[in-house]
Amino acid sequence: MASDAPVGVFGGTFNPVHYGHLRSALELTERLQLEHLRLMPCASPVHRQAPDCSAIDRAAMVELAVRGEARLRCDPRELHREGPSYTIESLEELRAEFGPERSLCLVMGFDAMLQLDTWHRWQELLEVAHIVVIARPGWKLPTSGVVADWLSRHRSSAEEALRLRPFGSVRVEELRPLAISSTEIRTLLRSGYSARYLLPESVLNYIKEHHLYC
Ligand code: ATP
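The following refers to the structure shown.

How each quantity is defined
Residues numbered from 1 in each chain as written. Predicted model: local features only at pLDDT ≥ 70, side-chain atom pairs only at ≥ 80, totals over all residues. Heavy atoms only, no water. Helix = DSSP H or I, 4+ residues; strand = E, 2+ residues; numbered from the N terminus. Rg over C-alpha atoms; globule rule 2.2 N^0.38 Å. Buried < 20%, exposed > 50% of the residue type's maximum accessible area, 1.4 Å probe, protein only. Contact = heavy atoms within 4.5 Å. Areas by Shrake-Rupley, 256 points an atom, 1.4 Å probe, with all protein chains shown as cover. Lys, Arg positive; Asp, Glu negative; His and termini not counted. Charge placed at Lys NZ, Arg CZ, Asp CG, Glu CD. Axes fitted to C-alpha atoms, helices over the stretch in contact; angles between N-to-C directions. Parallel < 35°, antiparallel > 145°, perpendicular 65-115°, else oblique. Left-handed = near helix turned anticlockwise from the far one by under 90°. Nonpolar A, V, L, I, M, F, W, Y, C, P; charged D, E, K, R; others polar. Pairing = 2+ DSSP bridges. Phe/Tyr/Trp six-rings, centres within 6.5 Å; stacked < 30°, edge-to-face > 60°. Salt bridge = Lys/Arg side-chain N within 4 Å of Asp/Glu carboxyl O. Near = heavy atom within 4 Å. Polar contact = N/O pair within 3.5 Å; in protein donor to acceptor, adjacent residues only side chain to side chain.

The subject of this paragraph is the overall build of the protein. Scanning the protein from terminus to terminus reveals eight helices and six strands. The order of helices and strands in the protein, counted from the N terminus, is β-α-β-α-β-α-β-α-β-α-α-β-α-α. Against the compact-globule benchmark of 17 Å for 214 residues, the protein has a radius of gyration of 17 Å, which places it among compact chains. By principal-axis analysis of the C-alpha atoms, the protein measures approximately 50 × 40 × 35 Å. Among the 214 residues that make up the protein, the fraction classed as buried is 50%. When contacts within the protein are restricted to residue pairs at least 6 apart in sequence, those whose partners lie at least 24 apart make up 75%. Surface accessibility of the protein: about 10,700 Å² in total, with carbon and sulfur atoms responsible for 50%. Counting 25 positive and 28 negative side-chain charges, the protein places the centres of these two groups 4 Å from one another.

Glancing now at the packing of helix H2 (residues 55–66) against helix H8 (residues 201–209). Direction vectors running N to C along H2 and H8 enclose 150°, while the axes themselves pass 8 Å from each other. With respect to H8, the axis of H2 lies roughly antiparallel. For the pair H2 and H8, the crossing hand works out as right-handed. Of the residues in H8, those in contact with Asp57, Ala60, Met61, Leu64 and Ala65 of H2 are Ser202, Val203, Tyr206 and Ile207. In terms of residue class, the contact of H2 with H8 is made up of seven nonpolar, one polar and one charged.

Pairing is parallel across the open sheet formed by six strands, whose spatial order is S3-S2-S1-S4-S5-S6. Strands at the two margins of the open sheet, each flanked by one partner only, are strand S3 (72–74) and strand S6 (170–174). Across the sheet, the axes of successive neighbouring strands diverge by a mean angle of 25°, strand direction being ignored. Relative to S3, strand S2 (residues 36–41) runs parallel, the two sharing three bridges. Its bridge partner being in S3, Leu37 is matched across the sheet by Leu72. Each of strand S1 (7–12), S2, S3, strand S4 (104–109), strand S5 (130–135) and S6 is contacted by helix H1 (residues 19–31), which is oriented at about 150° to S2, the strand it contacts most.

Overall, the coordinates contain three aromatic pairs when judged by the stated rule. Both rings, one in Phe10 and one in Phe14, keep their centres 5.8 Å apart while their planes meet at 85°; by these two values the pair is edge-to-face. Each member of the pair Phe10 and Phe14 is classed as buried.

Here the structure, examined in full by the defined rule, presents 18 salt bridges. Two residues, Glu30 and Arg71, come together in a salt bridge whose shortest N-O distance is 2.7 Å. Here Glu30, found in helix H1, pairs with Arg71, found in the loop between H2 and S3; they are 41 residues apart in sequence, far enough to count as distant. Looking at Glu30, the relative accessible area reads 45%, which means it is partly exposed. Residue Glu93 pairs with Arg77 through a salt bridge whose shortest N-O separation is 2.9 Å. Pair noted here: Glu93 is in helix H3 (residues 87–98) and Arg77 is in the loop between S3 and H3, with a separation of 16 residues, a long-range link. On the basis of relative accessible area, Glu93 is assigned to the partly exposed category, the value being 27%. A relative accessible area of 9% places Arg77 in the buried class. What you see here is one network of salt bridges that share partners, running through Arg38, Asp75, Arg77, Glu78, Arg81, Glu89, Glu93 and Glu97.

As a further point, take the pairing of S4. Burial within S4 is extensive, with five of its six residues counted as buried. By the bridge criterion, five bridges tie S4 to S5 in an arrangement that is parallel. What sits directly across from Met108, in S5, is Val133.

Every one of the 20 residues lining the ligand counts as a neighbour, but Phe14, His21, Leu178, Ser182 and Thr183 are closest to it. Within the side chain of His21, one N or O atom sits 2.9 Å away from an oxygen atom of the ligand. In this structure, an oxygen atom belonging to the ligand sits 2.5 Å away from a side-chain N or O atom of Thr183. Here the ligand loses 87% of its free accessible area of 590 Å² to cover by the protein chains.

Encoded structure:
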């Protein structure tokens, strides 16, 4: 892949990371021809309760999950910042590292996009990166409200939009639906059931060794 190809950033709690995240990350990397995609565990989430598993453990599991796939990486930057993990601040750091010309793509789920107007400095996100929204079959864009207005102004279906400019477009990508969630995995483990084949074996081994979700 060209060294000036877009870089993707996929934020999440990853409590724990699973094949739904990983498969989406890989499909997006190939479809959008990203140079690589960073899974960025959130240290201190703003929109949900603090996870019961430390950010260090969640990042360690992401590290294990992407090992052996050079196009996927773990970006632990939010672990090194004090206070709430604001995505805009991470994107600004990445922009400073990659320079003004490099295309950066923030990846988020459809559910997150619907609540985007609750994010810290949300109107500024597109001044730093593109946004790629992962949609499932049957998705429908909102038709009213601030997020709907924002989408109609910025959405682009042109394939090349993400490479022609470093930031500023919204793209919706429909991906293979894998009905896996971290909540379900935690519930299975806490109930004494196996979570095998829902997440990498290396991550399951880490969970066992560190007595997580029991
Ligand atoms: P939880 O069940 O704890 O809410 P989760 O499985 O939804 O967790 P998160 O870490 O909250 O995982 O999600 C990070 C991002 O991954 C979100 O944008 C979410 O929409 C997306 N995501 C979660 N599960 C899947 C999946 N099965 N396929 C594709 N994307 C997913």
